[in-house]
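Chain residues, written in single-letter form:
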Amino acid sequence: MDNQKQDTTTTTTAEETTLTEEVTMPAMASPSSNNITTPLLQEMSNAKQSTTNTQNTSSAVSCSTASIARSTTSRNNNNNNNNNEHKSTSPLLSNLKKACTNLFAPFTDSTGSPTTILPGLFLIICIGTVLGVSLPKESSLPTPWYRTFSSIIGYIYFTAWSISFYPQIFMNYRRKRTVGLSVDFSAMNVLGFACYAVYNASLFWSPYIQNLYRQNHAAGESIPVRSNDVAFALHAFVLSSITLGQIWYYDGFGTSQTKMSFSIKLFFGVAFLVLVFSTLVAIVSSKLSWLGFLYILSYVKVVITLLKYIPQVVLNVRRKSTVGWNIWNIILDFTGGMLSLAQLLGDSADMHDWSGITGNFAKFCLGFVSIFFDIIFFFQHYVLYPDKRGEGNESTYQAGLEPQIPWEEEADYDYDALL
């Protein structure tokens, strides 16, 4: 058996050797056959390499696709999370932004919307309260708690009256024009507050004027001018001058819609002569004291307050619109006028001395006159011309355009005819 198996193995080996020689010998014997085989092998190698590259490319594409898919999924998840967070915080941020806008409505709003009035006034009340509590009180008031209360009232109306000048200034700046604002009103404001500032500053700071006041009134009577009165008058003079300067800068004084009327020019001339004559009499004669001269200044202020609103009222009627005239001027002016009268009456009642009203007649009259004309402006803005009020369409102004009032398209008009 073993010999038979060995013979079989030897036979198989011999056959394989013979077959190999048969295959190899022709290749070695024929050069042309070698030339044919070499390109074939090279082509097969190239095909194999191409297949490998294709597989590698497919693998890379698959990895890249998977990476993009994972990135897209992650981004979508982040966007969903951000959207969910935005949805949860958007109402809070929106309400907070709206509240801040309403608080600063005197500076940003000119339509006087009812939804902005109370928040805007709330900010002013807070400012006035802080000033009234922290600043020195009037020592002449006998009741301790009322000193603080009077101080708070005084600084609230001081804040309201002082801020009332800014809405018009900001509005003029945004519009880059002052059409709709009466130049007569603005010019008289400057003269009026100049007189009022001199009157208040002299009574508050000059010992000589204070002695003259006490000689003409009951012994021990306090000076009816507070520090907030002086601050307001000086501040008002500066800001009214800025407003008048805006008219000159944006539109000029010589245009048909910004020229000063002859009636107001005549009034300025008469007021100038009265003040110059009074000054000369106070200097060279004892018939008019310097306190009397200050009373003349206060009366000039009262007369100006009586007249200065009339051109603006007539201008609104003529244009049938309040565009260009910021209603927040009136809202704050009305608030200040009411609180000014409240403080004056409260101080007189606390001191049991009603001569404070007659001794500060200018302040008493200013409150009533302002309130009367404020009511007229409210009626014009909210009742007569509700469709053409404030700045009209706010987006129109932001685009640099101006709402057209038919009357303003006229080439010229006569201001004196309005009066």
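Given the structure is predicted, the values throughout are model-derived calculations rather than measurements. (Residues numbered from 1 in each chain as written. Predicted model: local features only at pLDDT ≥ 70, side-chain atom pairs only at ≥ 80, totals over all residues. Heavy atoms only, no water.)

Novice: Mind showing me how you'd approach the overall build of the protein chain here?
Specialist: Across its full length, the protein chain carries 16 helices and 0 strands. In the protein chain, which comprises 419 residues, the proportion classed as buried is 41%. (Helix = DSSP H or I, 4+ residues; strand = E, 2+ residues; numbered from the N terminus. Buried < 20%, exposed > 50% of the residue type's maximum accessible area, 1.4 Å probe, protein only.)

Novice: Help me understand the packing of helix 7 (residues 183–205) against helix 9 (residues 227–250) in this model?
Specialist: Closest axis-to-axis distance for the helix 7/helix 9 pair is 8 Å, and the angle between their directions is 155°. Our classification of the angle between helix 7 and helix 9 gives roughly antiparallel. The handedness of the crossing between helix 7 and helix 9 comes out as left-handed. A breakdown of the residues in the contact of helix 7 with helix 9 according to their chemical character gives 18 nonpolar, 7 polar and 1 charged. (Axes fitted to C-alpha atoms, helices over the stretch in contact; angles between N-to-C directions. Parallel < 35°, antiparallel > 145°, perpendicular 65-115°, else oblique. Left-handed = near helix turned anticlockwise from the far one by under 90°. Nonpolar A, V, L, I, M, F, W, Y, C, P; charged D, E, K, R; others polar.)

Novice: Help me understand the environment of phenylalanine 377 in this model?
Specialist: Among the structural elements, phenylalanine 377 can be located in helix 14 (residues 361–384). Relative accessible area serves as the criterion here: at 1%, phenylalanine 377 is assigned to the buried category. Put simply, phenylalanine 377 and tryptophan 325 are 52 residues apart on the chain and 9.8 Å apart in space, counted from C-alpha to C-alpha.

Novice: Would you explain the confidence of the model for the protein chain in this entry?
Specialist: Caution applies to low-pLDDT regions: their predicted coordinates should not be interpreted in detail. On average, residues of the protein chain score 75 in pLDDT, and 66% of them are at 70 or above. Low pLDDT, under 50, characterises residues 1–37; the stretch is placed with 1 contact to residues that sit more than four places away or in other chains. (pLDDT = per-residue confidence, 0-100. Contact = heavy atoms within 4.5 Å.)

Novice: Would you mind going over unusual backbone geometry with me for this structure?
Specialist: Most of the time, phi is negative for any residue but glycine, and the peptide bond is trans. Even without being glycine, lysine 176 reaches a positive phi, approximately 60°. Assignment of secondary structure puts lysine 176 in the loop between helix 6 (166–175) and helix 7. Positive phi, normally seen in glycine, also occurs at lysine 320, with a value near 55°. Structurally, lysine 320 is set in the loop between helix 11 (290–319) and helix 12 (327–351).

Novice: Could you clarify how one ought to interpret the packing of aromatic side chains in this entry?
Specialist: The description of two aromatic rings rests on the distance between their centres and on the angle between their planes. Per the counting criterion, the structure on display carries 24 aromatic pairs. Ring centres 5.2 Å apart and planes at 80° place the aromatic pair tyrosine 157 and tryptophan 161 in the edge-to-face group. One end of the pair is tyrosine 157 and the other is tryptophan 161, both in helix 5 (residues 144–163) and 4 residues apart, which spans about a single turn. For tryptophan 161, a relative accessible area of 7% translates into the label buried. An aromatic cluster is built from Phe185, Tyr309, Trp325, Phe372, Phe373 and Phe377, whose rings are joined through pairwise contacts. Seen from the ring of tyrosine 173, lysine 176 lies directly overhead, with NZ or CZ sitting 3.9 Å from the centre. Here the guanidinium or amino end of lysine 301 rests over the ring plane of phenylalanine 193, the centre of that ring lying 3.7 Å away. (Phe/Tyr/Trp six-rings, centres within 6.5 Å; stacked < 30°, edge-to-face > 60°. Lys NZ or Arg CZ within 6 Å of the ring centre and 35° of its normal.)

Novice: Looking at this model, I keep getting lost on the layout of surface pockets. Mind explaining?
Specialist: Once rolled over the atoms, a probe with the size of a water molecule shows which space is left empty. Volume-wise, the largest pocket comes out at about 200 Å³. Considering the residues around the largest pocket, the lining is formed by 13 residues, among which Pro136, Lys137, Glu138, Arg226 and Ser227 are closest to the centre. Secondary-structure elements contributing two or more residues to the lining of the largest pocket are helix 5 and helix 9. No other element matches the 3 residues that helix 5 contributes to the lining of the largest pocket. Residue composition of the lining of the largest pocket, by class: 4 nonpolar, 6 polar and 3 charged. (1 Å grid on protein atoms, 1.4 Å probe; cavity = no way out; pocket = protein on both sides within 12 Å on 5 of 7 lines; lining within 4 Å. Points joined across faces, edges and corners; volume = space filled by probe spheres on them.)

Novice: I tried to follow helix 6 on my own but got confused; where do I start?
Specialist: Side chains of residues three or four places apart in an α-helix project in the same direction, reflecting 3.6 residues per turn. Within the span of helix 6, buried status applies to Pro167, Gln168, Ile169, Met171, Asn172 and Arg175. Positive phi shows up at lysine 176, right after helix 6, with a value of about 60°.

Novice: Honestly, empty space enclosed by the protein in this entry has me stumped. Any pointers?
Specialist: If you walk through the whole model with that rule in mind, you get 3 cavities of 30 Å³ or more. When its volume is computed, the largest cavity comes out at roughly 370 Å³. When residues in the lining of the largest cavity are grouped by element, the largest group, 5 residues, is from helix 7. Here the lining of the largest cavity is built from residues that sort into 11 nonpolar, 9 polar and 4 charged.

Novice: Please explain the nonpolar core as it appears in this structure.
Specialist: What tends to happen in soluble globular proteins is that the nonpolar side chains get buried as a cluster. The biggest cluster of nonpolar side chains holds 38 residues, and the ones touching the most others in it are Leu203, Phe232 and Leu291. Of all the secondary structure elements, the ones that give two or more residues to this core are helix 5, helix 7, helix 8 (207–215), helix 9, helix 10 (262–284) and helix 11. It is helix 7 that contributes the most residues to this core, 9 residues altogether. With sequence-adjacent residues up to four places away left out, phenylalanine 232 is seen in contact with Phe158, Trp161, Ser162, Phe165, Phe193 and Tyr196. By size, the runner-up hydrophobic cluster in this structure holds 24 residues, among which are Leu121, Tyr309, Val369 and Phe377. (Core = buried A, V, L, I, M, F, W, Y, C linked by side-chain atoms within 4.5 Å.)

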